[in-house]
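Notes for the structure review
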Amino acid sequence: MEMLLKMILAAFAACGLFLVIWALMDAAFLPRSGNDSIHIYYIRGDSAQAEHTIRGCLRLREKRGMRGMLLFADVGLTPEAQTAAELLLRREPDAALCSTAQIFDYIGRENNGIGAGTD
């Protein structure tokens, strides 16, 4: 019985070591999003839901190293939520609230070279 427990423990240790190595390889070799990336989030609902989503995205950018522009597309915010979102984003230079019709305007303004370059 003791030998079986040692084998199970050794298997768990080997799996843990494998997962740590895998995570380090991902972190080392996967490209990070550059400053030219645009992250689009569709937000709807009342001011509490919108504020929760916006604060979470801003925290991701601040604490987790997410780079690029944050674009929040309004797909059904209440007027109070629109005001709250604009107040949250007023001091953020790389974050904006827009309608779904304005998404392509922001993308075109930020990156004029979208496409494969075969045009």
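Heads up: the structure comes first, above all this text.
Here's what I pulled together on the structure shown here.

Rules used in this analysis
Residues numbered from 1 in each chain as written. Predicted model: local features only at pLDDT ≥ 70, side-chain atom pairs only at ≥ 80, totals over all residues. Heavy atoms only, no water. Buried < 20%, exposed > 50% of the residue type's maximum accessible area, 1.4 Å probe, protein only. Helix = DSSP H or I, 4+ residues; strand = E, 2+ residues; numbered from the N terminus. Pairing = 2+ DSSP bridges. Patch = residues over 30% accessible without salt bridge, like charges linked within 9 Å, V, L, I, M, F, W, Y side chains within 5 Å. Areas by Shrake-Rupley, 256 points an atom, 1.4 Å probe, with all protein chains shown as cover. Salt bridge = Lys/Arg side-chain N within 4 Å of Asp/Glu carboxyl O. Polar contact = N/O pair within 3.5 Å; in protein donor to acceptor, adjacent residues only side chain to side chain. Contact = heavy atoms within 4.5 Å.

Focus: the pairing of strand β2 (residues 69-77)
- Of all nine residues in β2, seven are buried, a share of seventy percent or more.
- Both strand β1 (residues 38-45) and β2 contribute to a ladder of seven bridges, which runs parallel. Looking across to β2, one finds that Ile 40 is bridged to Leu 71.
- Two strands pair when backbone bridges link them, and β2 and strand β3 (residues 95-99) are joined in this way by five bridges, in the parallel orientation.

Some details on the environment of Gln 102
- Mapping Gln 102 onto the fold places it in the loop between β3 and α4 (103-110).
- Along the chain, Gln 102 and Ala 73 lie 29 residues apart, while their C-alpha atoms are 8.3 Å from each other.

So, a nonpolar patch on the surface
- On the surface, a cluster of nonpolar side chains totalling about 840 Å² of accessible area is made up of Met 1, Met 3, Leu 4, Leu 5, Met 7, Ile 8 and Phe 12.
- The residue Leu 5 is located in helix α1 (residues 2-29) in this model.

Quick word on the side chain of Arg 61
- Relative to the helices and strands, Arg 61 resides in helix α2 (residues 47-63).
- A polar side-chain atom of Arg 61 sits 2.7 Å from a polar atom in the side chain of Glu 92.
- Dropping the residues within four chain positions of it, Arg 61 is found in contact with Met 66, Gly 68, Leu 70, Glu 92, Asp 94 and Ala 95.

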